[in-house]
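Here are the chains, one letter per residue:
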Amino acid sequence: MKMIFTAVFFAATIAAVQFAAAQTVYPSKPVHVILPFPPGGSVDTVARLVMPRVSESLGQQFVIENRSGASGNIGTEYVARAAPDGYTLMVNTIPFVANSHMYAKLPFDPLTDFVPISLLASSPSVLVVHPSLPARSVRELLELARSRPGVLNFATAGPGTNPHIAGELFNYLGKVKTVAIHYKGGGPALLSTVAGDTEMIVSGVSEATPFAASGRLRALGITSLARSPAFPDIPTIAESGLPDYEFVTWHGLLAPRGTSGAIVALLNDSVKKTMAMPEQAKLFRQIGQDIIASTPEEFAAHLKKESAKWGRVIREQGMRAE
């Protein structure tokens, strides 16, 4: 027993020393945070709220770079191939794990080629339609879709992205057939519905609700099982016509495989302190985001669970991308 205690003690001591060393050595130059999607989407929104505060906490510049394309795969591959020295990080969301089921082959494995740092936040999305569409509830939209199979369309940010998966989940549970129209990013996809080029989209609440408030879109349902405290007047999709519908977007910070545990621990500690700031909590509440600030282990378990969940939907819907 004494030997076990001694081993545990020294392991904890070594970890503490490594953490302290990381604090004094890292970061000694700007850190690049890759966002594998264009500006204007939820990943962009969350990253630009969190990373400047992490930058202040660690006393070094964290430079945000949008490297979009191939439903997030281009930016994600870039990070997978980067040196595991803590100077190239990434904020990603559901396509990070969903794409391994969408594409026949990827140049990276989301569960083995990256080190989870922290699950930052999560939020529901909102189903919005163009005001010209004669549907004022989820139930009416389902009836309309059933009467016009293959006619109604929904905008996505690209194959395998959050709006695509959320839209196909609506098709799957509602037993309807609406057609995905792919755009290069969440911003362009949302604007296509605002313009009436597409008829509906499941979009981030912070991005879509201003258009709904101005009457340029009509909000039909929140994608979480419970109403959002930030938008209590919008019913959930589950309560308004499609029981069991749930789609919750999450955003997480990751590093390339091989990044030292000391750097991961330092970044995780900084994220937790950043997210605990009262002003951060207020900002996240205003945009309908729930702060999580998980441990690396909790984030790793979440990734495995999400991969299995969305892999099942992708297979059953026959979703593929090239």
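None of the values given here were measured: they were computed from a predicted structure.

Draft legend 1. Just the packing of aromatic side chains, in detail. The full count for this structure, using the stated rule, is five aromatic pairs. Ring centres 6.0 Å apart and planes at 85 degrees place the aromatic pair phenylalanine 108 and phenylalanine 114 in the edge-to-face group. With relative accessibility at 5%, the residue phenylalanine 114 sits in the buried group. Taking the ring centre of tyrosine 87 as reference, the NZ or CZ of lysine 29 above it sits at 4.8 Å. Directly above the aromatic system of tyrosine 78 lies the positively charged group of arginine 67, at a separation of 3.8 Å from the ring centroid.

Draft legend 2. Region of interest: the packing of helix 2 (residues 42-58) against helix 9 (residues 261-275). It is at 9 Å that the axes of helix 2 and helix 9 come closest, and there the two elements cross at 115 degrees. In terms of orientation, helix 2 lies roughly perpendicular with respect to helix 9. Considering the relative orientation of helix 2 and helix 9, their crossing is right-handed. Where helix 2 approaches helix 9, its residues Val50, Arg53, Val54, Ser57 and Leu58 are matched on the opposing element by Leu266, Leu267, Ser270, Val271, Thr274 and Met275. Residues of the contact of helix 2 with helix 9, tallied by class, amount to seven nonpolar, three polar and one charged.

Draft legend 3. Structural context of helix 8 (residues 205-213). Listed as buried for helix 8 are Val205, Ser206, Glu207, Ala208, Thr209 and Phe211. Next to the buried residues of helix 8 lie helix 2, strand 4 (114-129), helix 7 (186-195), strand 7 (200-204) and strand 8 (218-222).

Draft legend 4. Up close: the nonpolar core. Among the nonpolar cores identified, the biggest contains 45 residues, and Leu127, Val138, Leu141, Phe170, Tyr245 and Phe247 are the most heavily contacted of them. Mapped by element, the contributors of at least two residues to this core are helix 4 (95-102), strand 4, helix 5 (138-147), helix 6 (162-174), strand 7, strand 9 (248-256) and helix 11 (296-317). When near neighbours in sequence (up to four residues on either side) are disregarded, phenylalanine 247 contacts Ile94, Pro124, Ser125, Asn162, Ile165, Ala166, Leu169, Thr223, Ser224 and Trp310. Counting residues in each nonpolar core, the second largest holds 33 residues, with Val46, Phe62, Leu120 and Leu267 among its members.

The rules we used
- Residues numbered from 1 in each chain as written.
- Predicted model: local features only at pLDDT ≥ 70, side-chain atom pairs only at ≥ 80, totals over all residues.
- Heavy atoms only, no water.
- Phe/Tyr/Trp six-rings, centres within 6.5 Å; stacked < 30°, edge-to-face > 60°.
- Buried < 20%, exposed > 50% of the residue type's maximum accessible area, 1.4 Å probe, protein only.
- Lys NZ or Arg CZ within 6 Å of the ring centre and 35° of its normal.
- Axes fitted to C-alpha atoms, helices over the stretch in contact; angles between N-to-C directions.
- Helix = DSSP H or I, 4+ residues; strand = E, 2+ residues; numbered from the N terminus.
- Parallel < 35°, antiparallel > 145°, perpendicular 65-115°, else oblique.
- Left-handed = near helix turned anticlockwise from the far one by under 90°.
- Contact = heavy atoms within 4.5 Å.
- Nonpolar A, V, L, I, M, F, W, Y, C, P; charged D, E, K, R; others polar.
- Core = buried A, V, L, I, M, F, W, Y, C linked by side-chain atoms within 4.5 Å.

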